[in-house]
Amino acid sequence: MALPVPGTEIRRRSFLFAYMVMVVVEGLPLFCLELAIGNHFKKSTSGCMRGINKMLVGVGWCTIVICFMCMLYYNSIIMWIIRYLFESFVSPLPWSECRTNTRAALSIKRSTTGTTSIWG
């Protein structure tokens, strides 16, 4: 069952309110704490965690791996944006019409035995 438009608007507002509260209550203090720890130890993430407790070196390495994975994800999105930006200066646009050979390659065809196949 679909929700009416006012119901979805209330959900959006409640989500944004809860999100902003958590950013202020949890996100900003943790960010400031991370900056203060890095400033105090003047080392990398794993070095800072080793300075706090020798058993926390894995937490520092996990932070580095997570940052690397996020970097890969966002760089691929930026690459798509730059690609489509440069392709939008071509006339006619590459996505303005559907190529018939692509559509034919993905069409479902029935064989003589009654089975369906996507590949022809």
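Our structure's up above, just so we're on the same page.
My aim in this report is to walk through the structure given alongside it, one point at a time. (Residues numbered from 1 in each chain as written. Predicted model: local features only at pLDDT ≥ 70, side-chain atom pairs only at ≥ 80, totals over all residues. Heavy atoms only, no water.)

### Quick notes on the packing of aromatic side chains
Consideration 1: Tallying each qualifying case throughout the model produces two aromatic pairs.
Consideration 2: With a centroid separation of 5.2 Å and 70 degrees between ring planes, the pair formed by Tyr73 and Tyr74 is classed as edge-to-face. For the residue pair Tyr73 and Tyr74, the accessibility class agrees, reading exposed in each case.
Consideration 3: In this structure, Arg83 packs its charged tip against the face of Tyr84, placed 5.5 Å from the ring centre. (Phe/Tyr/Trp six-rings, centres within 6.5 Å; stacked < 30°, edge-to-face > 60°. Buried < 20%, exposed > 50% of the residue type's maximum accessible area, 1.4 Å probe, protein only. Lys NZ or Arg CZ within 6 Å of the ring centre and 35° of its normal.)

### What to know about the layout of surface pockets
Consideration 1: Taken as a whole, the largest pocket holds about 230 Å³ of empty space.
Consideration 2: As for the largest pocket, its lining consists of 13 residues, of which Leu33, Glu34, Ile37, Thr45 and Met49 are closest to the centre.
Consideration 3: The dominant element in the lining of the largest pocket, judged by the number of residues it contributes, is helix α1 (residues 5-41), at six residues.
Consideration 4: Residues that form the lining of the largest pocket fall into these classes: seven nonpolar, four polar and two charged. (1 Å grid on protein atoms, 1.4 Å probe; cavity = no way out; pocket = protein on both sides within 12 Å on 5 of 7 lines; lining within 4 Å. Points joined across faces, edges and corners; volume = space filled by probe spheres on them. Helix = DSSP H or I, 4+ residues; strand = E, 2+ residues; numbered from the N terminus. Nonpolar A, V, L, I, M, F, W, Y, C, P; charged D, E, K, R; others polar.)

### Details of the side chain of Ser46
Consideration 1: Checked against the element boundaries, Ser46 lands in helix α2 (residues 45-52).
Consideration 2: Setting aside its immediate chain neighbours within four residues, Ser46 contacts Val57, Gly60 and Trp61. (Contact = heavy atoms within 4.5 Å.)

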